[in-house]
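# Structure assessment
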Amino acid sequence: MKKTALGALLLVFLFGVMAPQVLFARALNRQDKQKIECAMFKMQVLGNYFDVSKPAEQKKYEYPASCGAALKGKPIFMPDWFNEELQRMEAVKVVYVEGQGTLSEATLWYRTFSNVYAYLARANDALDPSQPVVLEQLSRGYVGNRINLVANLDRLNKELVRGREVFSMKDSMQGRARAMLATLEFMNREFYSTVESFTSPASQKEDKYRQSVMAVVTLANQLWSEFRSAPIPMNPPDAKVYQTTEGERLFNALLLVLGAVLIAYAVYLLLENKKEFLLEKWDDYRVKSVAWAEDFNRQFLTIDVRYIVFGTAGLFGLVGLFMGYSVGGFGGIFVFFLFIAMGVALSVRIPPIVLDKLKKSRGRKINAQLMDSLILLSNSLRSGMDIVQGFELVSHDMQPPIADEFGLVIKNYQLGTPFEKALEGLDDRVESRMLSYTIKAIIIQRQVGGNLTVIFSRLVENIREESKLEEKLDAMTAQQKIQAIVVGIMPVIMLGVMFMFRPDEMISFYTTPVGIFILFGCFVWIMIGMKLIQKLGEVKV
């Protein structure tokens, strides 16, 4: 009696442990099994089609009973176009696999269909009541199927460079490969869903497992249909559709000329309406150009401001002409005039910007020479010379630009300008804080007296300490300066790289109104970003 009870308990325990596995594996019914077997047959046929070792005479099949009574026994013929296409695909060597050699495109497709067949066969075998089911082994098998499918898809989606041409396997099979690869991508997701179903809650396992398997069956039938469907048109449309007559082209040209004339007339009316305002601005510009020319001369630079102004406007005009020609039509005319307006607006702002940069650059060079000049001035005063003779000594013994500036002070003094006024002119010309302190010290000493030698010694010491502090600050703010440079350069580099690899797409996009607007907006924001980062790194001493 005890043995019978123990045996019953053991049977109940084994049923409790094994029943979930058996029930989960048998989640598919008999109708699902027929669908799986039909999909297996189709994948087997597709795989055999891509098997170059089999002659075409052996690639004749009939639909089995699992595909339905209407199709049972119906012959299946390999498409006529496929023989030639298979030879081409076999000749295309795609990827080298260690231990297997170089695989062809046909081999990759054969392995892909064989892998789908293996997945379906694993699901079908799990329905066999005579075979034990171990969920761990079943799950590992599905994981292996997915890994192999992902590897094959990566290889099939890879573009190959042959000389100067890019070869894509998406265009094979007369364009059918594109739709088939998209279907295989969906199938890859369902492979993952099958693996994921094994870790789902017990109440959802069977449902998720069945849904993923039957989704793969549906996608396998879709692959079969896509292979046997009509090809995707790969040829361009008939050129006659886009042909125009001579009269139509002449009419379009007249409309374009008329539009340009109307725009020019509108611009003329606008300028005529603003005539007084424009004349006033032109007079202001002439006055400013004279002042700019004088400022450049004071920096010992002979530059014709008209070259800067008209050169900037001309450069924008050339860019606008190219962009307008690329866009074409009325949009091209608008883009051309837009660039002209931007060039004119920017050109009148360029001279003061250039002048400011030159003054700062010249001031930094003079700062670097100022300490040696003060030491020379101090030594000349100790030897019995006066300050004017000390300036002459600096102008003779030092190098430009400080020699030119001190020499100009002496020339102005010799022409009758008071020495204090000549020094004030030097302070106005050069953007240097320490030189300004030196000039003020000399002027005050000449007015109230004092020991210039001691003052120069203290200034030299201050300049030396400030130089150390500025070097330390440059080292501490180097990261911000580099970031500002990277922010400005990296987008240009990336744009250049994209132009190198995809010139046709980039040119076709950046010659459209949207592309030009995006390019201009990116340029503006890059400038703003560079300026902000530069301001964050500025520390005034």
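Not measured: the values here are computed from a predicted model.

### Re the overall build of the protein chain
Scanning the protein chain from N- to C-terminus turns up 20 helices and six strands. Here the protein chain holds 541 residues, and 34% of them are scored as buried. Counted over contacts in the protein chain with a minimum sequence separation of 6, partners at least 24 positions apart contribute 68%. On the protein chain, roughly 33,600 Å² of surface is accessible, and the fraction owed to carbon and sulfur atoms is 61%.

### Overview of the packing of helix α2 (residues 30-49) against helix α7 (residues 202-228)
Running from N to C, α2 and α7 cross one another at 40°; their axes reach a closest spacing of 9 Å. For the element pair α2 / α7, the angle class is oblique. Viewed along their axes, α2 and α7 form a crossing whose handedness is left-handed. Here α2 contributes D32, K35, I36, A39, K42, M43, V45, L46 and Y49 to the contact with α7, which in turn contributes R210, V213, M214, V217, A220, N221, L223, W224, F227 and R228. A breakdown of the residues in the contact of α2 with α7 according to their chemical character gives 13 nonpolar, one polar and five charged.

### Some thoughts on the pairing of strand β4 (residues 101-104)
As judged from the four bridges shared by strand β3 (residues 93-97) and β4, these two strands associate in the antiparallel manner. Looking across to β4, one finds that V95 is bridged to L103. Counting the residues between successive antiparallel strands, the hairpin from β3 to β4 contains three residues, one of them, G99, with a positive phi of roughly 90°.

### Topic: the pattern of salt bridges
This model, assessed by the stated rule, comprises six salt bridges. Put simply, R88 and E85 hold a salt bridge, and the shortest N to O gap is 2.8 Å. Of this pair, R88 and E85 both sit in helix α3 (residues 82-91), three residues apart, which is roughly one turn of the helix. A relative accessible area of 12% places E85 in the buried class. Its salt-bridge partner being E105, residue R88 comes within 3.8 Å of it at the nearest N-O pair.

### Brief notes about the nonpolar core
Residues Y49, F50, W109, L120, L184 and M187 are the most contacted members of the largest nonpolar core, which totals 61 residues. Those elements that provide at least two residues to this core are α2, α3, β3, α4 (105-125), α5 (135-156), α6 (176-197) and α7. The element contributing the most residues to this core is α7, with ten residues. In this structure M187 touches V116, L149, V216, L219, A220 and L223, once residues within four positions along its chain are discounted.

### A word on the packing of helix α12 (residues 350-382) against helix α16 (residues 433-448)
Closest axis-to-axis distance for the α12/α16 pair is 9 Å, and the angle between their directions is 35°. Along its contact with α12, which presents I366, N367, L370 and L374, the element α16 presents M434, L435 and T438. A class-by-class count of the residues in the contact of α12 with α16 yields five nonpolar, two polar and no charged.

### With respect to helix α13 (residues 387-397)
Where α13 is concerned, the buried positions are I387, V388, G390, F391, V394 and S395. Taken around the axis of α13, the buried residues stretch over an arc of 160°, which confines them to a single face. Elements that come into contact with the buried residues of α13 comprise α12, α14 (402-414), α15 (419-429), α16 and α17 (452-476).

### As for the packing of aromatic side chains
To describe a pair of aromatic rings, you give the distance between the ring centres and the angle between the ring planes. Summed over all chains, the structure comprises 19 aromatic pairs. Both rings, one in F50 and one in F82, keep their centres 4.9 Å apart while their planes meet at 75°; by these two values the pair is edge-to-face. You can see F50 sitting in the loop between α2 and β1 (61-62) and its partner F82 sitting in helix α3, a full 32 residues away along the chain. Accessibility expressed as a relative area gives 2% for F50, which makes it buried. The rings of Y49, F50, Y61, W81, F82, W109, F113 and F227 are connected pair by pair, giving a single aromatic cluster.

### Remarks on a nonpolar patch on the surface
Together, I482, I485, V486, I489, M490, I493, M494, V497, M500 and F501 make up a nonpolar patch on the protein surface, roughly 960 Å² of accessible area in all. Locating I489 in the fold gives a position in helix α18 (residues 478-501). The partly exposed category is assigned to I489, whose relative accessible area is 42%.

### Here's the deal with the environment of V454
Its place among the elements puts V454 in helix α17. The spatial distance from the C-alpha of V454 to the C-alpha of S378 is 8.3 Å, given a sequence separation of 76 residues.

Here is what the cut-offs are and how they apply
Residues numbered from 1 in each chain as written. Predicted model: local features only at pLDDT ≥ 70, side-chain atom pairs only at ≥ 80, totals over all residues. Heavy atoms only, no water. Helix = DSSP H or I, 4+ residues; strand = E, 2+ residues; numbered from the N terminus. Buried < 20%, exposed > 50% of the residue type's maximum accessible area, 1.4 Å probe, protein only. Contact = heavy atoms within 4.5 Å. Areas by Shrake-Rupley, 256 points an atom, 1.4 Å probe, with all protein chains shown as cover. Axes fitted to C-alpha atoms, helices over the stretch in contact; angles between N-to-C directions. Parallel < 35°, antiparallel > 145°, perpendicular 65-115°, else oblique. Left-handed = near helix turned anticlockwise from the far one by under 90°. Nonpolar A, V, L, I, M, F, W, Y, C, P; charged D, E, K, R; others polar. Pairing = 2+ DSSP bridges. Salt bridge = Lys/Arg side-chain N within 4 Å of Asp/Glu carboxyl O. Core = buried A, V, L, I, M, F, W, Y, C linked by side-chain atoms within 4.5 Å. Arc of directions from axis to C-beta. Phe/Tyr/Trp six-rings, centres within 6.5 Å; stacked < 30°, edge-to-face > 60°. Patch = residues over 30% accessible without salt bridge, like charges linked within 9 Å, V, L, I, M, F, W, Y side chains within 5 Å.

None of the figures reported here should be taken as evidence of function without further support.
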